[in-house]
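Residues per chain are reported as follows:
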Amino acid sequence: MHKFAFMIHPLDISDVTRKFPIARYLPPALVERAVRYLPPLKTSHITGVRSPYAATEGWFVACPLTTRQMLTLPEDLVLKKLIRTGKMAEKMGAAILGLGAMTSVVGDAGITIARHLNIAVTTGNSYTVATALEATEKAAAMMDIDLTRAEVAIMGATGSIGAVCARILARRCRHLTLIARNELKLARLAQKIKDETGLAVVITKNSLEALRRADVILTVTSAVDTVIEPDDLKPGAVVCDVARPRDVSRRVAEVRDDVLVIDGGVVQVPGEVDFHFNFGYPPGLSYACMAETMILALEGRIENFTLGRELTVEQIDTINRLAAKHGFRVAGFRSFELPVSAEQVAAIKERARQEEALAR
């Protein structure tokens, strides 16, 4: 049996106070300073992952730095903390380590971490892309949106996930807009897509204008705070939010009953998996990045599978094939960790139709 570990971290101070309740009575700034000095933590033992071909087990290991700290503290300090956490997973017996949330973003996206460990490392981004695209296509179809005719936008298009999503969607869409802050990177990506597919995509830094005309949005930025608010979306829009922390404000779910926001990369794990840790999903479900680590362990592919800022279409095809072989599948739709039924999607679609009729 090849065992795995998956590295997590507190997204914000509220995650710290759940783990250490006494911290609720301390000033948040003090708590955030204090967690810098905590050692890596074994969070839980993951059991029951079983496919028709193999079984595996593993651990959640936590690097005690918040999202904001990972983005604002000196990079060398953050990388040392991540490597130290990886070393702990190595000593526990893991053969492969998955990097979760911002641990897969810091520095060179896992390359330096892998160089300092004697076990394989993956960010999970390949399967994250595969599941996000599958979920987005299914959601669009349920909302009666034809991707070949729709206005499709990718927010955070120059990142590793955004760029490969753009390259894949360019084969299916006629109207594709790429949104990012770096215009030079946008231009290079647009040229690459034109060379590969012949599609001339639109590139822009103006997210507000692009979002308001989009029928389908896939958002994958590395922002600390939310970047999509209720007024940014048109009635009937489908938004797949792959980012963690989230790109879409929770207010969208509260005040916009005419748009469909889905969580990217929600996966049913085969077997009777028990994570022994509550990360917001019902039993048996995981993020796709977690699932990629499990898939590689089950397959015995103990290798650095997804590292760095470049993803390939071939990687995504490979992990999709291995996921299907071992029984992993996209688990319907969820929105802000809650399940979305077909009846709810129908109600959103009807409300959007009413809004559009009133606007005429």
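(A) Expanded view of helix α12 (residues 313-326). Over its 14 residues, α12 extends 20 Å from the first C-alpha to the last, a length consistent with the 20 Å expected when each residue adds 1.5 Å. Within the span of α12, buried status applies to V313, Q315, I316, T318, I319, L322, A323 and H326. For α12, the secondary structure elements touched by its buried residues are α6 (125-142), α7 (160-169) and α11 (288-299). In the segment just after α12, G327 is the residue with positive phi, at about 90°.

(B) Representation of the side chain of S126 within the structure. When you line up the elements, S126 lands in helix α6. Those residues within four positions of S126 in sequence are excluded, and the remaining contacts are E292, F305, T306, L311, Q315, I316 and I319.

(C) Expanded view of the nonpolar core. Counting residues in each nonpolar core, the largest one holds 82 residues, and the members touching the most others are Y127, V129, I154, L178, L260 and F328. At nine residues, the largest contribution of residues to this core is made by α11. Apart from the residues within four sequence positions on either side, L260 is in contact with A139, M143, A237, V238, V239, V340, V345 and I348. M70, V78, L79 and L82 belong to the second largest nonpolar core, which has 25 residues in total.

(D) Layout of the pairing of strand β1 (residues 4-8). When you tally the buried positions in β1, you get five out of five residues, the bulk of the element. Residues F4, F6 and I8 line one face of β1 and the alternating positions A5 and M7 line the opposite face, and both faces are buried. Pairing of β1 with strand β4 (residues 96-99), which is carried by four bridges, proceeds in the parallel orientation. Residue pairing in the sheet places F4 in a bridge with I96 of β4. Where β1 meets strand β3 (residues 55-62), five bridges bridge the pair, whose relative direction is parallel. Note on β3: the bridge partner recorded for A5 is W59.

(E) Structural view of the layout of surface pockets. Put simply, the second largest pocket is a space of about 290 Å³. A253, S335, V340, Q344 and I348 are the residues nearest the centre of the second largest pocket, which is lined by 15 residues in total. The set of elements that each furnish at least two residues to the lining of the second largest pocket consists of α10 (250-255), β11 (260-263), β17 (338-340) and α13 (342-359). Residue classes in the lining of the second largest pocket are distributed as 10 nonpolar, two polar and three charged.

(F) Representation of the pairing of strand β9 (residues 216-219). Of the two faces of β9, the one lined by V216 and L218 and the one lined by I217 and T219 are each fully buried. The pairing of strand β6 (residues 151-155) with β9 spans four bridges and is classified as parallel. Residue V152 lies in a different strand from β9, and its bridge partner there is V216. One ladder, built from four bridges, connects β9 with strand β10 (residues 238-241); its direction is parallel. The residue of β10 that forms the bridge with I217 is V239.

(G) Quick look at the packing of aromatic side chains. Counting across every chain of the model gives eight aromatic pairs. Summarising the aromatic geometry, the rings of F60 and F279 are spaced 5.9 Å apart at their centres and angled 80° between planes, so their arrangement reads as edge-to-face. Separated by 219 residues along the polypeptide, F60 in strand β3 and F279 in the loop between β13 (271-274) and β14 (285-287) bring together distant segments of the chain. Judged on exposure class, the residue F60 and its partner F279 are both buried. Taken together, a centroid distance of 5.9 Å and an interplanar angle of 65° make the contact between F279 and Y281 edge-to-face. Comparing F279 with Y281, the two get one shared label, buried. Site record: aromatic cluster; members linked through ring pairs are F6, F60, F275, F277, F279, Y281 and Y287.

(H) Representation of the sheet that holds β9 in the model. In spatial order, the strands read β8-β7-β6-β9-β10-β11; together these six strands make up an open sheet with parallel pairing. Each edge of the open sheet carries a strand with a single partner, namely β8 (202-204) and β11. Recorded for the sheet is a direction-independent mean angle of 15° between the axes of neighbouring strands. Judged from the four bridges that link them, β10 and β11 form a sheet pairing that is parallel. From the neighbouring strand, C240 faces β11, where its bridge partner is I262. Where α6 meets the sheet, it contacts β9, β10 and β11, and its direction lies at approximately 160° from that of β9.

(I) Layout of the sheet that holds β4. Strand order in this open sheet of six strands is β5-β4-β1-β3-β2-β13, and the pairing throughout is mixed. A strand with exactly one partner marks an edge of an open sheet, and here the two such strands are β5 (120-122) and β13. Each strand axis lies, on average, 20° off the axis of its neighbour in the sheet, ignoring direction. Set on the sheet, helix α4 (residues 75-92) makes contact with β1, β2 (41-50), β3 and β4; between it and β3 the angle comes to about 145°. Contacting β1, β2, β3, β4 and β5, α11 runs over the sheet at an angle of about 165° to β1.

(J) Spatial organisation of the pattern of salt bridges. If you walk through the whole model with that rule in mind, you get 17 salt bridges. Of the charged contacts in the structure, one is a salt bridge between R246 and D263, with a shortest N-O distance of 2.9 Å. Taken together, the positions of R246 in the loop between β10 and α10 and D263 in strand β11 put the pair 17 residues apart, joining distant regions of the chain. In this structure D263 comes out as buried when scored by relative accessible area, which is 3%. D257 is the partner of R351 in a salt bridge, and the nearest nitrogen-oxygen pair spans 3.5 Å. One end of the pair, R351, is in helix α13; the other, D257, is in the loop between α10 and β11, with 94 residues separating them in the sequence.

Calculation notes
- Residue indices follow the written sequence of each chain, beginning from 1 at its first position.
- Whole-chain, interface and lining totals are the exception, using all residues; otherwise, since this is a predicted model, local features are given only for residues with pLDDT of at least 70 and side-chain atom pairs are given and counted only at 80 or more.
- For the side-chain quantities, the full set of heavy atoms in the structure was used; hydrogens and water were omitted.
- By the criteria applied, helices consist of DSSP H or I runs no shorter than four residues and strands consist of E runs no shorter than two, each listed in order from the N terminus.
- A helix's residues, less one, multiplied by 1.5 Å, set its expected span.
- Relative accessibility thresholds used throughout: buried, under 20% of the residue-type maximum; exposed, over 50%; partly exposed, between the two (1.4 Å probe, protein chains only).
- Any pair of residues with heavy atoms lying within 4.5 Å of one another is described as a contacting pair.
- Remark: nonpolar core denotes a set of buried residues (Ala, Val, Leu, Ile, Met, Phe, Trp, Tyr, Cys) joined through side-chain atoms within 4.5 Å.
- A pair of strands counts as paired when DSSP detects no fewer than two bridges linking them.
- Lining residues are defined by having an atom within 4 Å of a point belonging to a cavity or pocket. Those points lie on a 1 Å grid over the protein atoms alone, cavities being sets where a 1.4 Å probe fits but cannot get out and pockets being open sets with protein on both sides within 12 Å along at least five of seven lines.
- Grid points are joined across faces, edges and corners, and a volume is the space filled by probe spheres set on the points.
- Residue polarity follows a fixed list, in which Ala, Val, Leu, Ile, Met, Phe, Trp, Tyr, Cys and Pro are nonpolar, Asp, Glu, Lys and Arg are charged, and the others, Gly among them, are polar.
- Stacked, tilted and edge-to-face are the three classes assigned to paired rings of Phe, Tyr and Trp, where Trp is represented by its six-membered ring and a pair needs centres within 6.5 Å; plane angles under 30 degrees give stacked, over 60 edge-to-face, the rest tilted.
- Throughout, an axis means a line fitted to C-alpha atoms (over the contacting stretch in the case of helices), and angles, computed between N-to-C directions, take values from 0 to 180 degrees.
- Between Lys or Arg on one side and Asp or Glu on the other, a salt bridge is scored when a side-chain nitrogen of the former is within 4 Å of a carboxyl oxygen of the latter.

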